[in-house]
Structure formats: structure tokens, C-alpha cells
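Below are the chains, spelled out letter by letter.
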Amino acid sequence: MAGRPRRHRQGYRAMTETRLLSRPEVLMPDVNDIPDSVLLQRVLRNLQTHGRSHEKFPLWSIVSERFALGSTYAEQLCRRFGLNPDEIVRR
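Residues numbered from 1 in each chain as written. Predicted model: local features only at pLDDT ≥ 70, side-chain atom pairs only at ≥ 80, totals over all residues. Heavy atoms only, no water.

A. Quick peek at the nonpolar core. Among the nonpolar cores identified, the biggest contains eleven residues, and these are Leu44, Leu47, Leu59, Ile62, Val63, Ala74, Leu77, Cys78, Phe81, Leu83 and Val89. Beyond its immediate stretch of four places on either side in the chain, Val89 contacts Leu47, Gln48, Glu55, Lys56, Phe57, Leu59 and Ile62. (Core = buried A, V, L, I, M, F, W, Y, C linked by side-chain atoms within 4.5 Å. Buried < 20%, exposed > 50% of the residue type's maximum accessible area, 1.4 Å probe, protein only. Contact = heavy atoms within 4.5 Å.)

B. Helix H4 (residues 71–80), seen in detail. Of the positions making up H4, those classed as buried are Ala74, Leu77 and Cys78. Looking straight down H4, one finds its buried side chains confined to an arc of 100°; they lie on one side. The outward face of H4, more than 90 degrees from its buried face, is lined by the exposed residues Thr72, Tyr73 and Arg80. After H4 finishes, the residue Gly82 shows a positive phi value of roughly 75°. (Helix = DSSP H or I, 4+ residues; strand = E, 2+ residues; numbered from the N terminus. Arc of directions from axis to C-beta.)

C. View of unusual backbone geometry. The residue Ala68 is not glycine, and still its phi comes out positive at about 55°. Among the secondary structure elements, Ala68 is positioned in the loop between helix H3 (59–67) and H4.

D. Fine view of the packing of H3 against H4. Two elements in contact, H3 and H4, have axes whose closest approach is 8 Å; the angle formed by their N-to-C orientations is 110°. Relative to H4, the element H3 is oriented roughly perpendicular. In contact with Leu59, Trp60, Val63, Ser64 and Phe67 of H3, H4 contributes Ser71, Ala74, Glu75, Leu77 and Cys78. (Axes fitted to C-alpha atoms, helices over the stretch in contact; angles between N-to-C directions. Parallel < 35°, antiparallel > 145°, perpendicular 65-115°, else oblique.)

E. Representation of the environment of Gln76 within the structure. For Gln76, the position within the fold is in helix H4. The exposure class assigned to Gln76 is partly exposed, which follows from its relative accessible area of 45%. Residues Gln76 and Trp60, spaced 16 residues apart in sequence, show a C-alpha to C-alpha distance of 8.7 Å.

F. Structural detail: the pattern of salt bridges. For the structure on display, the rule yields two salt bridges. One salt bridge in this structure joins Arg66 and Glu65, with 2.9 Å as the shortest N-O distance. Exposure remark for Arg66: the relative accessible area of 47% places this residue in the partly exposed category. Residues Glu75 and Arg79 are paired through a salt bridge, measuring 3.5 Å at the closest nitrogen-oxygen approach. Highlighted residues: Glu75 and Arg79, both in helix H4, separated by four residues, approximately one helical turn. Note on Arg79: relative accessible area 49%, which makes it partly exposed. (Salt bridge = Lys/Arg side-chain N within 4 Å of Asp/Glu carboxyl O.)

Shape descriptors only; they carry no functional weight alone.
Here is the structure:
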């Protein structure tokens, strides 16, 4: 197909740049092109910084609750994305 970029393994940034260059009317990449790991990292960072309650908890406990994981898996998930699981945040 002429005019469409080949779809092969490449990074998110490269796919976005290819898509923007080939179709200038598109300003944003398709959400399906964002890797799951990037979406998950965004969720974890939001859990870390957004709290409206006065109650404070360790980050791992909020991750555990939101993702229905045990404490060990929640701590591992935080560490996997470079977050401190013992950081105290508001729920």
C-alpha cells in the first residue's frame, strides 16, 4: 500500500514520528500504539501524586488495592517502574 508506513517492531516514539510525518492531519498517535507498560507507568504515577483524603498510606497499599494484588506483588510493581513502594501518599 503506497503512502502507509510499514508496520514492524519499532519504538513508540519512532511509530509516532512516522505516523505524524506520513499523515500531517493527525496530531496525536492512536491509543493502541501506546505500550501497556507506558500506560501502567502513568497510572502508577497518578496514584503516587493525586490524593484528596487526609489519610496517608504507603504507595504499595494503594497499588495493591487498585490493582487487586497482594502486598508483595504491589511492592514489586512499584519498584519495576522506579517508584518507592514505601513512600507515604494520600489515598
